[in-house]
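Now for the letters of each chain:
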Amino acid sequence: MERNIRPFAAGELAELSLLAQRLNARRETGSTFCCARAEDIRRDFAEAMAYSAACWEDGRPRGLLSCLPGPARKNADCSLLLDAQGAAYQSMAQALTAAVRERLGPDTACTFFFPAENGACRRFLEGAGAQRQVNEYILRLER
């Protein structure tokens, strides 16, 4: 199996939007910052293309990290949506955060907000040293 992490590409937004819609429909894999409808997701992804990355395995999208920065706040709202479990989830999440780190810059905090049932995302963020504030996590991509 060949894994490829790369920035969002305009020609792939429809396929990535469908993946996000499918993963976001389940609370165990969802992100509160992601819209429910594929066409709305695609619009958001088009805005966030410069600060987002997807994981492709054998030519199919398996996960993505979409970040929409608010430069005035030095913060980005991020959706981490992965079709993986356990060690594969952790590995994919690490690779995706590394891919967007340089584009966001070290002073930008990433906010993740997701359903409580998404334990895989919570475990990844806690392991990465994210700061929890009630029901959202703030991660600085300095590492």
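Residues numbered from 1 in each chain as written. Predicted model: local features only at pLDDT ≥ 70, side-chain atom pairs only at ≥ 80, totals over all residues. Heavy atoms only, no water.

Chemist: I keep staring at the overall build of the protein chain and nothing clicks. Help me out?
Modeler: Each helix and strand in the protein chain was counted, giving 4 helices and 7 strands. The linear arrangement of helices and strands in the protein chain, starting from the amino end, is β-α-α-β-β-β-α-β-α-β-β. Since a compact globule built from 143 residues should have a radius of gyration of about 15 Å, the 14 Å found for the protein chain is in line with a globular shape. Looking at the protein chain as a whole, 47% of its 143 residues are labelled buried. Excluding contacts between residues fewer than 6 apart, the proportion of contacts in the protein chain whose partners are at least 24 apart in sequence is 65%. Summed over all atoms, the accessible surface of the protein chain reaches about 7,200 Å², with 49% contributed by carbon and sulfur. A distance of 3 Å separates the average location of the 19 positive side-chain charges in the protein chain from that of its 18 negative side-chain charges. (Helix = DSSP H or I, 4+ residues; strand = E, 2+ residues; numbered from the N terminus. Rg over C-alpha atoms; globule rule 2.2 N^0.38 Å. Buried < 20%, exposed > 50% of the residue type's maximum accessible area, 1.4 Å probe, protein only. Contact = heavy atoms within 4.5 Å. Areas by Shrake-Rupley, 256 points an atom, 1.4 Å probe, with all protein chains shown as cover. Lys, Arg positive; Asp, Glu negative; His and termini not counted. Charge placed at Lys NZ, Arg CZ, Asp CG, Glu CD.)

Chemist: Which parts of the structure should I look at to understand the nonpolar core?
Modeler: Nonpolar side chains tend to gather and get buried jointly when the protein is soluble and globular. L65, L80, Y89, L96 and F112 are the most contacted members of the largest nonpolar core, which has 24 residues in total. Every element with two or more residues in this core is listed here: β2 (52-57), β3 (60-70), β4 (75-82), α3 (86-104), β5 (109-113) and α4 (119-127). The greatest single-element share of this core, amounting to 6 residues, is contributed by α3. Counting residues in hydrophobic clusters, the runner-up holds 13 residues, among them L13, L23, C34 and I41. (Core = buried A, V, L, I, M, F, W, Y, C linked by side-chain atoms within 4.5 Å.)

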